[in-house]
Structures are given as structure tokens and as C-alpha cells.
Amino acid sequence: MIDRFQKKTHSLHQTASGMSFEIDIWEYSPPGATQCIYLQGGLHGVELTGIPVLMRFMKELEESQYPERIICVPWSNPMGLDSQIMGQQTGYNNLHTNQQNCWNWNRITHLKDEGSLEGRWISTLLELSEEADTVLDLHTAGYETIPHVYVHHSQKELALDLGIPHLLAWDKPSSSFSDTCFQRGQKALTFELSSSRTIIESSITFGLEVLRCFFGFSKSNNKTQVWNQETQMLKWYSPESGVICWHKNSGDTVSQKEPILTMFSRQGEKVFQSPYDGILLLKNPIHAPYQYQELAKFLVP
Ligand SMILES: [Zn+2]
């Protein structure tokens, strides 16, 4: 008999007009499985690459007749995915229904016992993933990024041979989905596969290759550099306001003497040098920053 993924649809809630938000849970349960792996995509609604990666990877798992149990939720946040304002995706936060705040969809596991829309949604995902030994949460980051992965320092071996250029090892858990899974005793990785809000074929290929390496279908020769998230990932806040043009790409090595961007303001044109010696990890979407708005993140030795 051939094992295949079976889909179940779970209803989350309805909008005022009676439209239903639903998530599909794809489950693959070969007899004799001793491990369970939970795969999730699209937790932030603007982070798209994980969705096609998981849709294609499910086919590869079926073709290989992978011997372990898999629970796969590629479209984990329909509310986030459907959030846009005038053609711009805004699905990092719930802007719609809560007047007290606009929750970051990946910082709300503390709401799991609350009967709110957000609480019910995140508790659904936490319940679906509860039996898994391993949780892989596929995200993307920034306007432009070099791929990286977040993992508790005690589990970094899990992510060293997947062909991901940078690993950020953390110590203190946040209220993110996979940090919460880690605190339940699971192996838990948060991947940042590509830039947000966009899908290109090469990013899908990269994401698939990462999963193939994780599942032992492939091997990577690319080295992964390990960084301490708490001390070595530094933000850069715009020293002045204006409109900016970057001179470096994410992933580039930069030094403090190097021009990194030009800022055009009402006072004229000015070149800024890199604030750090290190690697430009990601650029934020804003190209017309206010003074002190976050522009980018760096990895600093
Ligand atoms: Zn994310």
C-alpha cells in the first residue's frame, strides 16, 4: 500500500459577512512510524516562500515513502495572508479586529488559553504540533535577506548541515511559535528562507534543498556560520531621515569605513558608512525612514 498525505480542514472563525477562515492540515501516517515531524509555513502572512516549498516537499515525501509521520500546515495563517492595504501586504500583525494592540502573529503563544480570535488560532497550531518530536517553522525576513535559521544553542547541531549560510543561536525563549515548542521539550527550528512578500523560483529551490538535507535526502557542502543571537545580531537605526539608496546587498561583508547607503534629505545628499564590521543580514522594507527607524540587522563578530 502507498502512504499518502490526507487533508483535513479545520475551521478557525467567521468574519462579519459569514466568510470562514480555515486551515488545511495535511497528515502522512505510515504504519510503524516512531517519529513525528511538524512542518509549518506562512505563520506571518507576508512570508510566502514556505508555502510552495511545503506543497512541493509533501510530494517528495510521498514519492520517497518516508517512513515517519508528518503533519504539514503550509497555509497556517489565512488571516495574515489575506491582509493587504492598497496592494501592499501587511500580514506581520493582526491589524483588523483588536483595538488594544496589533499582535505580531508570531509573538502570541501566551494568548493560547484566551478565547480570542488570536488565542484560538495559536492554540490550534500549538495543539496540531503537540505530538511532534520536531517542529520546523518556515519563515522569511525583511525586504532583502540572506537565509538564516534560529535555534536554541543546545540544538544548533540540527541546523549546521542544511546549507544555510547563518545560524543564530539563542538562549532566552521568546513567545514565538517555535520557541514555545522548544520549551515544551521539542526540537524546534525557525527558518528564514528568503526575503518576504515575494516568491522567486530560486528561493523555493533553496528551501526545498534545506528540507531535503534535514530529512537526509541530500547533503550540503555549504558551511554554516554560527552566531549568538543575543550578542551578535545588531540592529541599525537610521541616524537621520530621508530617502535611502543601499550600496550593499544582504549577505555582503561590510566594514565600518565602507559607504553603505546614500541618504537624500532636504539638506542634500549624504553617504553613510556601515555602522559595524560584519555581515549585512537583512534590510527592512522602509526606503524612506524616519530618524531612528530600524533600517537593517547585522551580524557582528
Ligand atoms: Zn516570520
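Residues numbered from 1 in each chain as written. Predicted model: local features only at pLDDT ≥ 70, side-chain atom pairs only at ≥ 80, totals over all residues. Heavy atoms only, no water.

S.K.: I'd love a proper account of the sheet that holds strand E7 (residues 134-139), names of residues and values included.
M.R.: Pairing is mixed in the open sheet, where nine strands are placed in the order E1-E2-E4-E3-E7-E11-E9-E10-E12. Strands at the two margins of the open sheet, each flanked by one partner only, are strand E1 (6-14) and strand E12 (225-228). On average, adjacent strands in this sheet sit at an angle of 20° to one another, irrespective of strand direction. Both strand E3 (residues 36-41) and E7 contribute to a ladder of five bridges, which runs parallel. The residue of E7 that forms the bridge with Gln-40 is Asp-137. (Pairing = 2+ DSSP bridges. Helix = DSSP H or I, 4+ residues; strand = E, 2+ residues; numbered from the N terminus. Axes fitted to C-alpha atoms, helices over the stretch in contact; angles between N-to-C directions.)

S.K.: Please set out the sheet that holds strand E16 (residues 259-265) residue by residue, giving values where relevant.
M.R.: In space, the three strands of this open sheet follow the order E14-E16-E17, with antiparallel pairing throughout. Two strands close off the open sheet at either side, each with one partner strand: strand E14 (243-246) and strand E17 (268-273). The mean angle between the axes of side-by-side strands here comes to 25°, regardless of whether they run parallel or antiparallel. Pairing between E16 and E17: six bridges, direction antiparallel. Pairing of Ser-265 across the sheet is with Gly-268, part of E17.

S.K.: How would you sum up the environment of Asn-222? Please name residues and give values.
M.R.: Note that Asn-222 resides in the loop between helix H5 (201-214) and E12. The class for Asn-222 is exposed, based on a relative accessible area of 51%. Sequence-wise, Asn-222 and Phe-5 are 217 residues apart; in three dimensions their C-alpha atoms are separated by 31 Å. (Buried < 20%, exposed > 50% of the residue type's maximum accessible area, 1.4 Å probe, protein only.)

S.K.: So what's going on with the packing of helix H1 (residues 50-64) against H5? Which residues, and what values?
M.R.: Direction vectors running N to C along H1 and H5 enclose 45°, while the axes themselves pass 9 Å from each other. Relative to H5, the element H1 is oriented oblique. Every pair of crossing elements has a handedness; the one defined by H1 and H5 is right-handed. Counted together, Pro-52, Val-53, Leu-54, Arg-56, Phe-57 and Glu-60 of H1 and Glu-201, Ser-203, Ile-204, Gly-207, Leu-208, Leu-211 and Arg-212 of H5 form the full contact between these two elements. Here the residues of the contact of H1 with H5 sort into seven nonpolar, two polar and four charged. (Parallel < 35°, antiparallel > 145°, perpendicular 65-115°, else oblique. Left-handed = near helix turned anticlockwise from the far one by under 90°. Contact = heavy atoms within 4.5 Å. Nonpolar A, V, L, I, M, F, W, Y, C, P; charged D, E, K, R; others polar.)

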